[in-house]
Amino acid sequence: MTTVVGTRLITYREAINEALDQEMTRDPSVIVMGEDIVGGAGAPGEDDAWGGVLGVTKGLYGKHGDRLMDTPLSESAYIGAAIGAAASGMRPVAELMFIDFLGVCLDQIFNQAAKFRYMFGGKAETPVVIRAMVGAGLRAAAQHSQMLTPIVTHIPGLKVVCPSNAYDTKGLLIASIRDNDPVIFCEHKALYEEQADVPEASYVVPLGEANVVREGSDCSIVTYGMMVGRSLEAAALLEQEGISCEIVDLRTLSPLDLETVTESVENTGRLVCVDEANPRCSIAADVSAQVSRDAFGSLRAGIAMVTAPHTPVPFSPSLEDAYIPSVDAIAGAVRAVTS
Amino acid sequence: MADNPFPLDREGLLQAYRTMRTIRGFEDRLHLNFAKGEIPGFVHLYAGEEASAVGIMMHLRTADRIASTHRGHGHCIAKGVAPHEMMKEIYGREGGSCAGKGGSMHIADLDVGMMGANGILGAGAPLACGAGLAAKHRGDGDIAISFIGDGASNQGTFLESLNLAAVWNLPTIFVVENNGYAESTSRDYGVAVDSYIDRAAGFGLPGISVDGTDFFAVYEAAGEIIDRARNGGGPSLMECEMVRFYGHFEGDAQTYRADNEVADLRASRDCIALFRGRVEGAEVVAAAEFDAIDAGVDALIDDAVASALAAPEPDVSALMTDVYVSY
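Residues numbered from 1 in each chain as written. Chains lettered and ligands numbered in written order. Predicted model: local features only at pLDDT ≥ 70, side-chain atom pairs only at ≥ 80, totals over all residues.

Caption draft 1: How the structure looks around the sheet that holds strand 6 (residues 159-161) of chain A. Residues and elements named next belong to chain A. The strand order across the open sheet formed by 7 strands is 3-2-4-5-7-6-12, and the pairing between neighbours is mixed. The open sheet has two edge strands with one neighbour each: strand 3 (68-70) and strand 12 (252-254). Averaged over all pairs of adjacent strands, the angle between strand axes in this sheet comes to 20°, irrespective of strand direction. Strand direction decides the pairing type here: strand 2 (residues 30-34) and strand 4 (residues 91-98), joined by 5 bridges, are parallel. Residue pairing in the sheet places Val 30 in a bridge with Arg 91 of strand 4. Across the sheet, helix 7 (residues 166-178) touches strand 2, strand 4, strand 5 (129-134), strand 6 and strand 7 (183-188), and the angle it forms with strand 7 is around 160°. (Pairing = 2+ DSSP bridges. Helix = DSSP H or I, 4+ residues; strand = E, 2+ residues; numbered from the N terminus. Axes fitted to C-alpha atoms, helices over the stretch in contact; angles between N-to-C directions. Contact = placed C-beta atoms within 7 Å.)

Caption draft 2: Broad picture of the domain arrangement of chain A. All names here are of chain A. The assigned domain composition of chain A is domain 1 (7-199) and domain 2 (211-338). Of note, the centres of domain 1 and domain 2, computed from C-alpha atoms alone, are 27 Å apart. Counting residues at the interface gives 24 residues for domain 1, matched by 24 residues for domain 2. Elements with a contribution of two residues or more to the side of domain 1 that touches domain 2: helix 6 (149-153), strand 6 and helix 7. (Domains from an automatic or database assignment.)

Caption draft 3: Expanded view of the interface of chain A and chain B. The interface is formed by 33 residues belonging to chain A together with 36 residues belonging to chain B. Among the secondary structure elements, those contributing two or more residues to the side of chain A that touches chain B are helix 3 (75-86), helix 4 (102-113) and helix 5 (116-119) of chain A. At 9 residues, the largest contribution of residues to the side of chain A that touches chain B is made by helix 3 of chain A.

Caption draft 4: Fine view of helix 11 (residues 271-281) of chain B. Residue and element names in this part refer to chain B. Every buried residue of helix 11 is accounted for by Cys 271, Ile 272, Phe 275, Arg 276 and Val 279. Buried residues in helix 11, looked at end-on, bunch into an arc of 130°, giving them a common side. Facing away from the buried surface of helix 11 by more than 90 degrees, the exposed residues are Gly 277 and Gly 281. Contact partners of the buried residues in helix 11: helix 1 (10-35), helix 2 (50-57), helix 9 (215-230) and helix 12 (287-310). (Buried ≥ 20, exposed ≤ 12 C-beta atoms within 10 Å, placed from the backbone. Arc of directions from axis to C-beta.)

Here is the structure:
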C-alpha cells in the first residue's frame, strides 16, 4: 500500500479515538459518555486509567476533561440520558460497551430515539451516536460476541454503521457524529488492531454509500465488518482458480446502498451474501431478498448466503472458530454459485 | 377584596385556575367524545390530578423540559402546548401537535419543552436526565422534570435514573404522581415501601411528599426544589399523593374500585373545587370571576373539538415523512 501525503498507518482503534478527538475539538456540543470510558472515576488511582475497556477513548479525558463522563453501570439510564440530551441540543456519543447489552437499554433506543422524529411530527432531531462493540473472535462467548446488526437495522428511524477498516472507521464516525439522526455505530472488536492509511485531517465517509473494495466479473460478494477481510482473502484464493470476485463493503447497513449492490450483481450475474450475524432475518437474508426482487433477471445462479449458524456464539476456541464464517466457507459458496 | 394570604398574586391565582380548568374541561370532553366513538386508539385521562401539573409547572420556563407519563394531556396544557393542536392530535388530524402521528399516548411539543407523553412506562426518566444534562452543560439554570406514575415508579429506568441524576448532580426533578393505581393494581400492593421519601433517601436524594390535591402545597414544595435545582443543588424526588377521576383508560369499567370511591373523591378531594373554595373563601377572587373563566374554558374546548372535527385527515403522503431528517 502506498502512503499518501498527510496519512499514516494507524489502527481501527486509533481511528475511532482520532475521530472523537477531532469532533470534540470542532464542536463543543459533542460529549462522550459510557462505562469506564475514562476509567477510575472517583477511585484513588490515576485519572484516565482505562480509556474504555479496550482503550479506545484513552487520552481524550486529558484533552477534553469533563465532556467525557464515566457512567454508573446503568445502560438504560445513561443511554436514555444521551438520547434525551440529544433531543435537547447536545450531540452525545454514548458507548454501549458490547452490543450484547442492547437488551438492557433497547427501549430507549428503539421506542424513544428511533421514533421521536416521526411520532413528534417532525419536530425532533436526535443526533446521538451509540458506539458498540460487535462480533466474535475474542473468545468472549455468548453474551459478548454477537453480531446484532440485523436487530437494529430492522428499526425505522435508526441508522446503522459497521466499518471494516481504519480509514472508513474514522470517516464514518465523523459522519455519524455530524448526522442529525440516531446512529448505531458498530465497531468490530477483532478489528481494533488492524491498520490502514488514514489521513490526519478530518474527513467524512458519507453514510449510506457502499464501497466496491475489489472489482471482478464472475460473482459479487456483498458483506460488511470483519467479513470484508475474509472475503478479500477468499477472492485472492479464487483468483488463482480463475474465478473473479467483486466485493461490495456495505459500510452502512441502514440506509442500505442497494443501488451499488444491484449494479454489481447486474455485472456479475451471481451473488454471495456474507454476514457474521445469525442467518434468520439477517443482513444477508435482507440483501438476498431485495436483490431477488430488483435484479432477478440478472441472476445466472441462485443466491448463496454465508452466515454464522442459528446458534449462540460458543466459548471454546475450536467451536468459536467453527461458528464464524471462514474464508473457506466463503470460497466454497462462490465456487458453488459459479460452477 | 381582602388581603391575599396565598403565595400567588391575583393574576397568578386566576392563571392557575384557568389552566387547571382547561385541563379538566379538556379531559371531561374527551371522556364524552371517546364514548361517542369519535376518538381512535387509547386515551388515558388526567382529570383529578390537575393541581400537580399546574402547581409544578407554574414555576417553569419554556426552555425547561418535561418528560411526561401515559397520562400526559394535563402536562401538555400546563407546559403550554396549544389545546387546539392537542385536540387535533388526539383526533388524529392534520395540524395536530405531532401532525397526527403521535396521538394521545405520544403527544409532545418540543417547541415548548414537552418531550412527550410516553407509551412506555418509566421511559421518560432517563430522557429527563438527558435534558437535565444538556441544561447543566449550557449552564443557564434550566431544569428538567420527569413525571412518573406510582406504577412506573417501579420500573428500572426510573430507579436507575434516580441514581444517575444523583451521581451527576443533575438539575432533574422526579415527580411521582401517586394516584393510588397502577392501571388496576393498587399502589400499596405494587410498591413495597410505604413512603416515597424513603425511596428517595435510598438513592441519596431529598424527598418530599405532598397532598397532590392541594394546589398550594404542590406549588410551594415544587418552588423550593425547583429553585434548588436551578442553583446547582441537584435532583429531588417529590410525591404528589392524588386521585384519579376516570379509569386507567377510557372504557375501563373500574370494577376494582370501591362502590362509591370515585363519587366520594369527587366530593371531597377535587383539587379544583378545593382551590376555588379557598380562594373564594379568602375573598381574593370573586365567584363571578371564576365563573367567567369556566365559561371561557367551555367555549375554548367547544372550539377545539369543532376545529378537530373540521380538520382534514393527514394526507397519506405523511406516512413516509419524518422517519429520518432526510425523509
